[in-house]
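Architecture and fold: a report
Here is how the chains run, residue by residue.
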Amino acid sequence: MHKSKNVRKVLVVDDEPNMRKTLSAILRDEGYDVQTADDGERAVELCQQHLFDVVLMDVRMPKLDGVEAFRRIHRHQEGVRVILMSAYREEHLKQEALDDGAIAFIDKPLDVERVIRLIADTAETAILVIADDQHTAKTISESLRQQRYHVTTVSTPHDALEIVEQIKFDIVFIDVQLASMNGLDLYLAIKKVTPSAIAIMLSGMEEEFLRVARAAVRQTAYAIINKPIDLDHLFDLLNRIQRQRASDALHKPQV
């Protein structure tokens, strides 16, 4: 069980009474303070009256559907973490909700352990930064550690390939401007070892480096971040990846 260290307030929203009752009982056993609502309108009202840490909300409900209720809640409480759930295949709604800031859009029947991990925010992300540009490596790694990511930095392709054979990384930042190996070649080599890793290419603005980074994105790398690093953009990208991974809906941004 994932007992919460501090009691957190959770709102469960579903028009099915048995679903509300079951989820509420499970979450209370986990140590959460739980309230319930049977439709989207009531959820919006409760969020105007109380501050919830997490809202777990069904999509298809009478009066006001879960996606629109989420948008109304999010306009007034940006800090609340909203998890949407649906028994139907709704890929267009999933991408819209994730782009709008929902932390996850999960399918029913629910994997209860997964729901508890999402609510507890216990998912740990391991990140590898590969850059021989010490300023770039330090900027990224220190900023990520402040946000409680697990970060490893290496400066050479040799060290990168050695470590990915030993440790599974969720996200890999690869500087295309490496002294001993083309950034695209390194990306392809890493992908063979750890296919599930999400690669973000780091590139200077010179055309030769951008060309290599774009080639990697065409090969399924996720995105390009230009140097000098815009940290706000970097964190926005990581948040997007986290939401998409939690929803099994990885979708690359437009280049």
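It should be noted that the structure appears before, not after, this text.
A quick note: this is a predicted structure, and the numbers were derived from the prediction, not measured.

1. Quick word on the side chain of glutamine 244
- The residue glutamine 244 is located in helix α10 (residues 231-246) in this model.
- At 3.0 Å, the side chain of glutamine 244 forms a polar contact with the backbone nitrogen of histidine 251.
- Here glutamine 244 is in contact with Gln95, Leu98, Tyr222, Ala249, Leu250 and His251, once residues within four sequence places are set aside.

2. Regarding the pattern of salt bridges
- Scanning all chains against the criterion turns up 15 salt bridges.
- Beyond isolated ion pairs, a larger network of salt bridges with shared partners links Asp14, Asp58 and Lys108.

3. Remarks on the sheet that holds strand β3 (residues 54-58)
- Pairing in this open sheet of five strands is parallel, and the strands run β2-β1-β3-β4-β5 from one edge to the other. Of all the strands in the sheet, just β2 (33-37) and β5 (104-107) have a single pairing partner and so form its edges. Neighbour to neighbour, the strand axes of the sheet diverge by 20° on average, direction disregarded.
- In the sheet, strand β1 (residues 9-13) pairs with β3 via four bridges, with the strands oriented parallel. The residue bridging valine 10 from the neighbouring strand is valine 54, located in β3.
- Packed onto the sheet, helix α3 (residues 66-76) meets β3 and β4 (81-86) and runs at close to 155° relative to β3.

4. Section: the packing of helix α7 (residues 157-164) against helix α8 (residues 183-193)
- Viewed as axis vectors pointing N to C, α7 and α8 meet at an angle of 10°, and their least axial separation amounts to 10 Å. Relative to α8, the element α7 lies roughly parallel. Two packed elements cross with a definite hand, and for α7 against α8 that hand is right-handed. Between α7, through Pro157, Leu161 and Val164, and α8, the contact on the second element is made entirely by Leu186, Ala189, Ile190 and Val193.
- Here the contact of α7 with α8 is built from residues that sort into seven nonpolar, no polar and no charged.

5. Considerations on the pairing of β5
- Strand direction decides the pairing type here: β4 and β5, joined by four bridges, are parallel. Note that in β5 the partner of isoleucine 83 across the bridge is alanine 104.
- Following the backbone out of β4, through helix α4 (residues 91-100) and into the adjacent parallel β5, one traces a crossover that is right-handed.

6. As for the packing of aromatic side chains
- A complete count under the given rule lists zero aromatic pairs for this structure.
- One cation-aromatic arrangement involves arginine 60 over tyrosine 88; the distance from NZ or CZ to the ring centre is 3.8 Å.

7. Concerning the pairing of strand β8 (residues 171-175)
- Burial runs high along β8: five of the five residues are buried.
- Burial of β8 is two-sided: the residues Ile171, Phe173 and Asp175 facing one way and the residues Val172 and Ile174 facing the other way are all buried.
- Bridge count between strand β6 (residues 126-130) and β8: four bridges; the pairing is parallel. Note on β8: the bridge partner recorded for isoleucine 127 is isoleucine 171.

Rules and cut-offs
Residues numbered from 1 in each chain as written. Predicted model: local features only at pLDDT ≥ 70, side-chain atom pairs only at ≥ 80, totals over all residues. Heavy atoms only, no water. Helix = DSSP H or I, 4+ residues; strand = E, 2+ residues; numbered from the N terminus. Polar contact = N/O pair within 3.5 Å; in protein donor to acceptor, adjacent residues only side chain to side chain. Contact = heavy atoms within 4.5 Å. Salt bridge = Lys/Arg side-chain N within 4 Å of Asp/Glu carboxyl O. Pairing = 2+ DSSP bridges. Axes fitted to C-alpha atoms, helices over the stretch in contact; angles between N-to-C directions. Parallel < 35°, antiparallel > 145°, perpendicular 65-115°, else oblique. Left-handed = near helix turned anticlockwise from the far one by under 90°. Nonpolar A, V, L, I, M, F, W, Y, C, P; charged D, E, K, R; others polar. Right-handed = clockwise from strand over helix to strand, strands pointing away. Phe/Tyr/Trp six-rings, centres within 6.5 Å; stacked < 30°, edge-to-face > 60°. Lys NZ or Arg CZ within 6 Å of the ring centre and 35° of its normal. Buried < 20%, exposed > 50% of the residue type's maximum accessible area, 1.4 Å probe, protein only.

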